[in-house]
Amino acid sequence: MPSRRADPVTVEVVELIGDVVARYHTEYEDAAASHQLTGAQARVLTLLSLEPLPMRRIAQKLRCEPSNVTGIVDRLETRGLVERRPDPADRRVKLAAPTDEGLQTAERLRESLDFAREPLAGLSVEERTALRDLLRRMLA
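Residues numbered from 1 in each chain as written. Predicted model: local features only at pLDDT ≥ 70, side-chain atom pairs only at ≥ 80, totals over all residues. Heavy atoms only, no water.

Participant: Give me helix H2 (residues 39–50): which residues, what numbers.
Facilitator: Over its twelve residues, H2 runs 17 Å from end to end, which matches the ideal 16 Å to within 8%, given 1.5 Å per residue. Where burial is concerned, most of H2 is hidden: nine out of the twelve residues are buried. Buried residues of H2: Gly39, Gln41, Ala42, Val44, Leu45, Thr46, Leu47, Leu48 and Ser49, and no others. (Helix = DSSP H or I, 4+ residues; strand = E, 2+ residues; numbered from the N terminus. Expected span 1.5 Å × (residues − 1). Buried < 20%, exposed > 50% of the residue type's maximum accessible area, 1.4 Å probe, protein only.)

Participant: So what's going on with the layout of surface pockets? Residues and values would help.
Facilitator: Here the largest pocket defines a volume of roughly 890 Å³. Lining the largest pocket we find 19 residues, and of these Ile17, Val20, Val21, Leu131 and Leu135 sit closest to its centre. Counting residues per element, the ones that place at least two in the lining of the largest pocket are helix H1 (8–34), helix H6 (114–121) and helix H7 (125–139). Here the lining of the largest pocket is built from residues that sort into 16 nonpolar, no polar and three charged. (1 Å grid on protein atoms, 1.4 Å probe; cavity = no way out; pocket = protein on both sides within 12 Å on 5 of 7 lines; lining within 4 Å. Points joined across faces, edges and corners; volume = space filled by probe spheres on them. Nonpolar A, V, L, I, M, F, W, Y, C, P; charged D, E, K, R; others polar.)

Participant: Describe in detail unusual backbone geometry, supporting the description with residues and values.
Facilitator: Despite not being glycine, glutamine 36 has its phi angle at roughly 55°, a positive value. Tracing the backbone through its elements, the reader meets glutamine 36 in the loop between H1 and H2. Positive phi is not limited to glycine here, since arginine 63 has a value of about 55°. When you line up the elements, arginine 63 lands in the loop between helix H3 (55–62) and helix H4 (66–78).

Structure follows, in structure tokens:
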């Protein structure tokens, strides 16, 4: 019967992944606060900067309840960063979409996240590609 204890390398990898996640969340929250956003608002705005989405899809992507997303979008809309518009494919559905100011804020937020960029800059293109491919494989 195989041992339930992980080998030392696996234990270290898990701890390092935890450290990366914790540092990323801390920096993300700090970057969001510097733009007068909560972390959740920043995540929604960043997500919407890629494409307008219905509330249900935002909730799925963020793994939270649609009612939470509604409140977040309401607050972003009040600030003029997001607007609701009909879905051209189904006018019964409302999409949350960034305004021009919302797109600019999302870009400034992305630019202020140095945590990932700086350490990754020390890796070669091949190393970054290998890391990306390993992470994709882990998440598959």
